[in-house]
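# Examining the three-dimensional arrangement
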Amino acid sequence: MTFWANHRNTLIAIAAVLIAAPFVASRPVWLDSAVILGVYALLALSVGISYGQAGILTMSQGAFASVGAYAAALCSARWGWPPFTDLVLAMLLPAVLAYGVGRVVTRLSPLATALATLALGSVISIYIRHADDLTGGYVGFAGIPAIGFIDTPLEYAVLAWLLVIAVVYGYENLMRSAHGRALNVLQQDQARARADGIDVARSMSAAFALSAAIAGIAGWLYAHYVSVLSPESLDTNISVTALLMAVVGGAGYVLGPIIGTVLFDTLTRLLPAAELQGLFYGLALVVILLVARTGLMGLGEQLIGAARSGLGRRAAPAAGLPARAAS
Amino acid sequence: MNKTTCKSWRRAAAVGATLGALALPLAAAAADAPVKIGTVLSLSGPAAVFGLPERDAINVVAKKLGFKSPGGRPFELVLHDDKSNPTEAARAVTQVINNDKVVVVVGPSTGSGILAAGPIASRLKVPLIAPAGTMAVGDRKNEFWPWVFRMAINDATSIEFILKDMAKSKAKKVGVLYQEDAYGKTGVDLAKEIAPKLGLEVVETVSAPYSATDLTAQATRLRNAGVDTVFLQVSIAALGTSFLKAARQIGLDKPIYANAGLAQRSFAENVGPEADGLRTLSIGNLPFEPIAEEKELSDLLKADGKVPQGWGEIVGANGLLAALAAIDAQAGKEITGESMRTALEGLCGFRSYARGKICYSPDNHDGWDGSSLTIVEIRDKKMRTLD
Amino acid sequence: MTFSEFILRGVLAGSIYVLLAVPMSLLFSTVRTIDFAVGAYALVAAAVAASVGGVLGIAAGLGAAVAGSAAMALIFLLLKRFGCHNHIIYALASFGVATALASAVLWQYGTQSFVRDSFSQFWSLAGIRISPQGVLNLVTALVAVTILYVVIQRSQLGRMMRAAAVNVMGSELAGIPVELIQVGTYLVGGLLGGIAGLLILFTAGLDYSAPLSLTLSGFAAAIVFGIDNPFRALFGGLAMGVAEALAAGYTSGMVTSMVPFLFLLIVLGTSRFGDATVAGDRT
Amino acid sequence: MTGPAFDTPVPPAAADALVASGIEVAFGGIKALAGVGATVVPGRIVGLIGRNGSGKSTLFNCMTGFVRPGAGRVTLGGADITGLPAERVVRAGIARTFQTPRIAEGADVRTAVLCGFFNSAKTSFMGSVAGFGAARREERRLREEADAVLEGLGLADLRHTEVRRLSMGLVRMVDVARCIASGARFILLDEPAAGLTQAEQETLSRQIRDVAARGVGILLVEHNFALVRSLCETVVVLETGRVLCEGAPETVARDPRVLRSYLGAVGESDEQGEAAA
């Protein structure tokens, strides 16, 4: 029972995946979508941890995924590492990069940090474009092998969503620990965080590194599944899309980014013209910020709360209102 | 808008197909069921400059044929956007094959899109008719090579064509400006490789990212290298314009050549007098001086309210015609992706909207040779064919 | 000779960045946020001006750019009304506006590049050929910066702006229309962005993909020497133009492409810009 | 080493006292503190009073690492902690509260207190993500300890109540609980009685005394002289960045300078203060 209490989101995710599985497995094209959706869900979750929890508005998740993807490509295709061993590097490399940069930029205001991540993402992607020997430059990297025995779209879909569930599980573990609470505190009030003994820059950097590692997993999965990489594969657009997905779904909630991912993917397919995609994304973002800043999850929570209090269970007013001292 | 008409006929086709399926007894369906052709093109993103004309041409040709192949076999088009992005290209190709059961795909529009979609096409055993010159697409080392048929001139042929024209004018030292992407990079590498064979030398190369607005520094660098002629490996019109303006400003008065990326009506019309004299490679000259075969396509487009843009239409229309020719080659048989592939490999000299002959064989998937290429010169906002 | 030519060309190219940097600096001073849509205003102005043409086109372009910034200002006001006082949310919203505007231009005008011609003659300056357009750009930037400097430092409006920037609540109590000033700053951003767009239209041209990098270049230029003064934005913009020109002249394409971002990273990493100094509630 | 001469001798500094001495702070040319000091001994309660702008908050912030002094030293048990960042000061055993409590209103009381345990959590960041047995055991231990702290302060029944539903007095108690949770040997309270009802003030005083009785040194920045007098053994009075006088509350209350500068000024609004004088 305590598992239910502590890992509600994980169980909900498992249930949703199990319910969707038979439908998805019946249509080959959905299987493919399920894999890519899993990649996006991982990226959006990585935004959730960094923006939703640590308050770092990150615009470099695509670049971190790229680093992970190229690491996977190099290890498996060029150096012949055994399957899955390359995952370690695909996570570690972005994480180290993010931690190092995080230590420098997290002492800045949130706005400056956001810009720094955007610049960082751009520098990484420019480097990838130009490092011909390592990454194949603009032309890209072809012939990335499958992950060992995992070969069919079905197997990839299963792996992708297992990874999503694993990340949700780890995310929940984190949020139920001292480190997770520290992130909550420092996001709302850095002075309070310091008074609790929290090293703000270190905690934020650790969260940023974790989020980069998750983006790295997404890149790793992507590289092995699509088998071809080019600098445009996981570019700034992907970073922005992942950010939008997380914000619209509710970046502060564990499952918010996943809901945003599924929603965005569905709605994008219904658009009349591809040119309008940016218009749709932009307006969706503005509307969600105006109407429900905490995302759809937050909106849902508010509605549930309103329905409850509408039933007569109004909160008792706080006794002894806070009064400022004479000044 | 183009989009709406396209959408509405698709919807009409879908409704028609549904009604047809309801009306006909199932047994009769097999032979007469339309063959499905996928078109996965860049309708948005940087490559939309080529993807949109490709789509328009495919649409008007299909309409003109009444959605029946020249041999009388009904067909259906399934259109998807690859968003100039390899991931989307791979997804779209998977989708049209798995969901819509197409037997051949025209597209994706970009080289990287084709590289991403190739393994999928190979796995699902459906050939791609690929409208891109990128060398890597036609690399025999690719596992998916048997499944990709190029419907464009490969870059090596194109660049050699340009450099030959340069060599004619006694130029020796070549400067190259290339855009920072696969198109630009492969172009500059090929130019460096091919130039010495023609007695030319690439003495300086400079690059520019998509977003660059000011290229005077790059132009200055080429001027200072003392080049006799400049080669632009650029498909982003903004970069081409920016460079031409910069070249004029800094006094780089040398002949400038551009690869086919700039052979577009919108570029010729938008750019000012600084483009006068710019020579660009093109497949035909559809927008301004079409030869007889091209004229037919150009008229079809105009009749449909479209303005011919460049070689995108030629490539797109011929992609569809190649697919239809391959379908007709299998008259009366059941058509699958594999049978399409075999038929495409036997295709040679079918009716097309292009100068030059398109020929595939089990050994050659590049189709076009240099005979369909031409150099056009931009003057007074028009592209003039040079002989 | 060559070196000085690169410097000169960099200065001329940098004047565009100045016009993009100034709105960043103003907005950051008064609202403590960033308008990601400044580059998009430039695009909108260029696209509208190119399609309408002539003097009317220029007016229409500027009008469209200001209209774009008015939409952003409205969203900003609505966010405030709905109780949002988070600067990063304003920035995020402007990101949405930027995406939407660029997409609208793509939808309306396609992927074409917008470019128009101005001068066909060239001037020679110590043997270096320059276009009068480049000089016009530089003069425009200088005039814009000077006007803003005078307004901010010498006028009543400027005093109110500075007060509003330092202490919102105090200014409101003192009867300063803080919100009006903030909205005005967004609109000035639209106007300056629009002017920048028009100058690019006549200088080198741009297409629908330009906005984000224009915004970033503007921001990088704005913070190099400190974000709090339009004159610093002037020097920042010119410095970045020169750095880019030198990089393009002497280094690889990789370094040239990285210049704006490296500028940003280095400045953010070394300056105390936006330093999250935190203290107890009473220091 | 000592600051200005004191009227009354400082209580003998215990080996592990928190001592600030000769602290100088200037904000943009204005001297907020000009060589002041204070000493807090484990188990004792020291009051820090002064008018607004006298520099008491600045001294408070210097001692907690929120403001870096321009000159002077802060030592803890002899070890120099001057200029350490706030989070390291906390780790050294000095916790603070805020005048306006900074506690997320949506959180429940136990969560708020759990946040104070950040320093005693041993599991690494990644260890927490992995959530292995050790991490889970530690989380259980922290919850038990949080309950114990709440129990000790008589707040056990409120552990599942949201902070926003608490009265100001209780919120301040939760803040104190959070300080205790951090394992602090010294707790610095920033105007804890502000905005409290009389009854709440009395409860709070009782609790503070209990905490001190357990060996925690307490520094109390306060306006309310009555509260200071009832709690503190030593009072430091600041005026315009200097120590005006220091000593037992009764001594201080009789000091004419204090009467003139401080108690007189607040006397009109603070009858007890006047009565004390």
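Residues numbered from 1 in each chain as written. Chains lettered and ligands numbered in written order. Predicted model: local features only at pLDDT ≥ 70, side-chain atom pairs only at ≥ 80, totals over all residues. Heavy atoms only, no water.

## Overview of the overall build of chain C
Selection criterion: Each helix corresponds to a stretch of at least 4 residues labelled H or I by DSSP, and each strand to a stretch of at least 2 residues labelled E; elements are numbered beginning at the N terminus. All radius of gyration figures rest on C-alpha atoms, and the globule criterion is 2.2 Å times the number of residues raised to 0.38. Note on classification: 1.4 Å probe, protein chains only; a residue is buried when its accessible area is under 20% of the maximum for its type, exposed when over 50%, partly exposed between these limits. For accessible areas, the Shrake-Rupley method is used with a probe of radius 1.4 Å. Any residue's cover is judged against the shown protein chains and nothing else.
Of the regular secondary structure elements, chain C holds 11 helices and two strands. Secondary structure elements of chain C, listed N to C terminal, follow the sequence α-α-α-α-β-β-α-α-α-α-α-α-α. Compactness check: chain C gives a C-alpha radius of gyration of 19 Å against a globular reference of 19 Å for 283 residues, within 12% of the reference. Taken along the three principal axes of its C-alpha coordinates, chain C extends 60 × 40 × 35 Å. When burial is assessed residue by residue, chain C has 58% of its 283 residues classed as buried. Of the roughly 10200 Å² of accessible surface on chain C, a fraction of 70% belongs to carbon and sulfur atoms.

## Quick notes on the arrangement of the chains
Selection rule: Contacts between residues were defined by any pair of non-hydrogen atoms, one from each residue, lying within 4.5 Å.
Contacts are most numerous between chains A and C, taken over all five pairs of chains that touch. There is a gap between chain B and chain D: no contact, and a shortest C-alpha distance of 31 Å.

## Looking at the environment of C:Ala13
Residue and element names in this part refer to chain C. Counting through the fold element by element, alanine 13 comes out in helix α1 (residues 2-31). Relative accessible area serves as the criterion here: at 15%, alanine 13 is assigned to the buried category. Residues alanine 13 and alanine 174 lie 161 residues apart in sequence; the distance between their C-alpha atoms is 42 Å.

## Describing empty space enclosed by the protein
In plain terms, the rule: Grid spacing is 1 Å over the protein atoms alone, the probe is 1.4 Å, and a cavity is where that probe fits but cannot get out, while a pocket is an open set with protein on both sides within 12 Å along at least five of seven lines and lining residues have an atom within 4 Å of a point. Grid points are joined across faces, edges and corners, and a volume is the space filled by probe spheres set on the points. Three residue categories are used. Nonpolar comprises Ala, Val, Leu, Ile, Met, Phe, Trp, Tyr, Cys and Pro, charged comprises Asp, Glu, Lys and Arg, and polar comprises the others, including Gly.
A full pass over the atoms with the stated rule returns 12 cavities of 30 Å³ or more. Considered as a void within the structure, the largest cavity measures approximately 350 Å³ in volume. Lining of the largest cavity is provided by 27 residues; of these, B:Asp214, B:Gln249, C:Ser131, C:Thr203 and C:Ala204 occupy positions nearest its centre. Counting only elements with at least two residues in the lining of the largest cavity, the list comes to α9 (237-250) of chain B together with α1, α5 (132-154) and α8 (178-203) of chain C. Each residue belonging to the lining of the largest cavity can be placed in one class, and the counts come to 11 nonpolar, 10 polar and six charged. Within this model, the second largest cavity holds a volume of roughly 120 Å³.

## Some points on the packing of aromatic side chains
The geometry of an aromatic ring pair is captured by the separation of the ring centres together with the interplanar angle, meaning the angle of the planes. For clarity, the threshold we go by: Stacked, tilted and edge-to-face pairs are distinguished by plane angle, under 30 degrees for stacked and over 60 for edge-to-face with tilted covering the rest, among Phe, Tyr and Trp rings (Trp via its six-membered ring) whose centres lie within 6.5 Å.
Under the defined criterion, the tally for this structure stands at 18 aromatic pairs over all chains. Relative to B:Tyr360, the ring of B:Phe149 has its centre 5.3 Å away and its plane inclined at 80 degrees; by these criteria the two rings are edge-to-face. Linking B:Phe149 in strand β5 (residues 148-150) with B:Tyr360 in the loop between α13 (337-345) and β11 (373-379), this pair joins segments that are 211 residues apart in sequence. Here the aromatic rings of C:Phe6 and C:Tyr250 are separated by 5.1 Å at their centres, their planes lie at 70 degrees, and the arrangement is edge-to-face.

## Concerning helix α7 (residues 198-213) of chain D
All names here are of chain D. The criterion, for reference: For a helix, the expected span equals 1.5 Å multiplied by the residue count minus one.
In this model, α7 (16 residues) spans 23 Å end to end at C-alpha, consistent with the 22 Å of a helix rising 1.5 Å per residue. Buried within α7 we find Glu200, Gln201, Leu204, Ser205, Gln207, Ile208, Val211 and Ala212. Against β3 (45-50), α6 (168-181), β7 (186-190), β8 (217-221) and α8 (225-231) lie the buried residues of α7. Phi for glycine 215, located one or two positions after α7, is positive at around 95 degrees.

## Examining the sheet that holds β8(D)
Residue and element names in this part refer to chain D. Filter applied, for reference: Pairing between two strands is assigned when DSSP locates at least 2 bridges connecting them. For helices, the fitted line uses only the C-alpha atoms of the stretch in contact; every axis is such a line through C-alpha atoms, and the angle between N-to-C directions lies from 0 to 180 degrees.
The six strands lie next to each other as β6-β7-β8-β3-β9-β10, forming an open sheet whose pairing is mixed. In this open sheet, the two edge strands, each paired with only one partner strand, are β6 (94-96) and β10 (242-247). Averaged over all pairs of adjacent strands, the angle between their axes in this sheet comes to 20 degrees, without regard to strand direction. Sheet topology places β7 next to β8; five bridges connect them, and they run parallel. When the sheet's bridge partners are listed, leucine 189 is paired in β8 with leucine 220. Packing of α6 onto the sheet brings it into contact with β6 and β7, and relative to β7 it is tilted by some 155 degrees. Here α7 sits on the sheet in contact with β3, β7 and β8, set at roughly 150 degrees to β8.

## Here we look at the interface of chain A and chain C
Rule in force here: Defined in terms of a 1.4 Å probe, buried area is the accessible area two parts forfeit on being brought together, summed over both. Throughout this description, the term salt bridge denotes a Lys or Arg side-chain nitrogen within 4 Å of a carboxyl oxygen of Asp or Glu. Distance and chemistry together define a polar contact, namely a pair of N or O atoms within 3.5 Å, with one atom able to donate a hydrogen and the other to accept it when in protein, and with adjacent residues in sequence counting only for side-chain atoms on both sides.
Across the boundary between the two partners, chain A contributes 39 residues, which contact 46 residues of chain C. Carbon and sulfur atoms make up 80% of the area that chain A and chain C hide from each other, which totals about 3800 Å². On the chain A side of the contact with chain C, A:Leu111, A:Leu115 and A:Leu290 bury the most area, a combined 17% of that side's loss. On the surface where chain A and chain C come into contact, there are zero salt bridges. For the pair chain A and chain C, the number of links is four residue pairs in polar contact (both at pLDDT 80 or more). Mapped by element, the contributors of at least two residues to the side of chain A that touches chain C are α6 (110-130), α10 (190-195), α12 (236-249) and α14 (277-291) of chain A. No other element matches the 14 residues that α6(A) contributes to the side of chain A that touches chain C. Classifying every residue of the side of chain A that touches chain C by side-chain character gives 28 nonpolar, seven polar and four charged.

## A closer look at the UniProt feature "domain: Leucine-binding protein" (unreviewed entry) in chain B
Note the cut-off: UniProt positions are given in the numbering used here, feature names are shortened, and annotations may be inferred rather than shown by experiment.
Following the UniProt record, the feature "domain: Leucine-binding protein" (unreviewed entry) maps to residues 34-370 of chain B here. The span residues 34-370 of chain B is 41% helix and 15% strand, and its two end C-alpha atoms sit 35 Å from each other.

## Here we look at the pattern of salt bridges
Residue and element names in this part refer to chain B. Evaluation of the coordinates by the stated rule reveals 43 salt bridges over all chains. Across the pair glutamate 296 and lysine 64 runs a salt bridge whose closest N-O atoms are separated by 4.0 Å. Separated by 232 residues along the polypeptide, glutamate 296 in helix α11 (residues 292-303) and lysine 64 in helix α3 (residues 48-64) bring together distant segments of the chain. According to the relative accessible area criterion, glutamate 296 is partly exposed, its value standing at 32%.

## Examining the pairing of β8(D)
Residue and element names in this part refer to chain D. Worth spelling out the cut-off: Orient the strands so they point away from the viewer; a crossover is then right-handed if the path from the first strand over the helix to the second runs clockwise.
With respect to burial, β8 is a largely interior element, five of its five residues being buried. Of the two faces of β8, the one holding Gly217, Leu219 and Val221 and the one holding Ile218 and Leu220 are both buried throughout. With four bridges joining them, β3 and β8 adopt parallel strand pairing. The residue bridging isoleucine 45 from the neighbouring strand is isoleucine 218, located in β8. Since β7 and β8 lie parallel, the crossover through α7 that links them has a hand, and here it is right-handed.

## Examining α13(B)
Since the α-helix packs 3.6 residues into each turn, any two residues three or four apart lie on the same face. Most of α13(B) sits inside the fold, with seven of its nine residues counted as buried. In this structure, the buried residues of α13(B) make contact with β3 (104-106), β4 (128-130), β5 and α12 (311-328) of chain B.

## Regarding the side chain of B:Arg150
Residues and elements named next belong to chain B. Assignment of secondary structure puts arginine 150 in strand β5. Owing to a relative accessible area of 3%, arginine 150 belongs among the buried residues under this scheme. Not counting the four nearest positions on each side in its chain, arginine 150 is found in contact with Ala130, Ala132, Gly133, Thr134, Met135, Val137, Gly138, Tyr360, His365, Asp366 and Gly367.

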